Amino acid sequence: MNQYLIVGIIGSDWENSSFVAHPFQVGEQVLKLAKNAVAFRIQRNKHLLVTALDWVEKIAANPHIQAADVARMAGCSTGRVRQILRLRKLHPEIQGAILALPGKQAVKRFPERMMRTWVSMPTEEQLSQFEARRAK
């Protein structure tokens, strides 16, 4: 593994125009993580399920990221982040049907508030509610 040397200034002597440097060794993986920063945002004009699935994928790839970090980057509260992430608990058939619809149509036919109530239901109840809603 390649090692990189980064010098950090820990003190300075302004009268003599000098500074004291302290070397830090940083591994390649740390530099790679810093270079490829993860961005979290709520995707507008799409169903919130799209955002939830995107965030789940990014969190799985970066296990050091916490809900508070996501909230800070997305500009919302940690409670809101948890609400969004809970949408991934919808039955896969429901997720697939929502993702197959164009963004605005998905939002109109399956609003977030309704989806949040379905998440707490058993999967059979989710599917029956979904079929009833789809029939309308």
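Structure shown above.
An account of the accompanying structure is given in this report. (Residues numbered from 1 in each chain as written. Predicted model: local features only at pLDDT ≥ 70, side-chain atom pairs only at ≥ 80, totals over all residues. Heavy atoms only, no water.)

Ranked by internal contacts, the top residues of the largest apolar core, which has 24 residues, are Trp55, Leu87, Leu90, Ile98, Phe110, Met115 and Trp118. Elements represented by at least two residues in this core include exactly helix 2 (48-61), helix 3 (67-74), helix 4 (78-86), helix 5 (92-100) and helix 7 (112-119). If sequence neighbours within four positions are ignored, Trp118 has contacts with Leu90, Ile94, Phe110, Gln126, Gln129, Phe130 and Arg133. (Core = buried A, V, L, I, M, F, W, Y, C linked by side-chain atoms within 4.5 Å. Buried < 20%, exposed > 50% of the residue type's maximum accessible area, 1.4 Å probe, protein only. Helix = DSSP H or I, 4+ residues; strand = E, 2+ residues; numbered from the N terminus. Contact = heavy atoms within 4.5 Å.)

It is worth spelling out the packing of aromatic side chains at this point. By the definition in use, this model includes four aromatic pairs. A ring pair is formed by Phe40 and Trp55, whose centres lie 6.1 Å apart and whose planes are at 75°; its orientation type is edge-to-face. Of this pair, Phe40 sits in the loop between helix 1 (28-35) and helix 2 while Trp55 is found in helix 2, placing the two residues 15 residues apart along the sequence. Neither residue differs from the other here; Phe40 and Trp55 are each classed as buried. (Phe/Tyr/Trp six-rings, centres within 6.5 Å; stacked < 30°, edge-to-face > 60°.)

What follows concerns the pattern of salt bridges. In the structure shown here, the tally under the stated rule is six salt bridges. Measuring nitrogen to oxygen at the nearest pair gives 2.9 Å for the salt bridge that ties Glu112 to Arg116. Residue Glu112 and its partner Arg116 are both found in helix 7; the two are separated by four residues, about one turn of the helix. We classify Glu112 as partly exposed; its relative accessible area is 21%. Arg116 sits in the partly exposed class, given a relative accessible area of 31%. Linking Glu131 and Arg134 is a salt bridge whose minimum nitrogen-to-oxygen distance equals 2.9 Å. Residue Glu131 and its partner Arg134 are both found in helix 8 (residues 123-135); the two are separated by three residues, about one turn of the helix. What you see here is one network of salt bridges that share partners, running through Arg80, Glu112 and Arg116. (Salt bridge = Lys/Arg side-chain N within 4 Å of Asp/Glu carboxyl O.)

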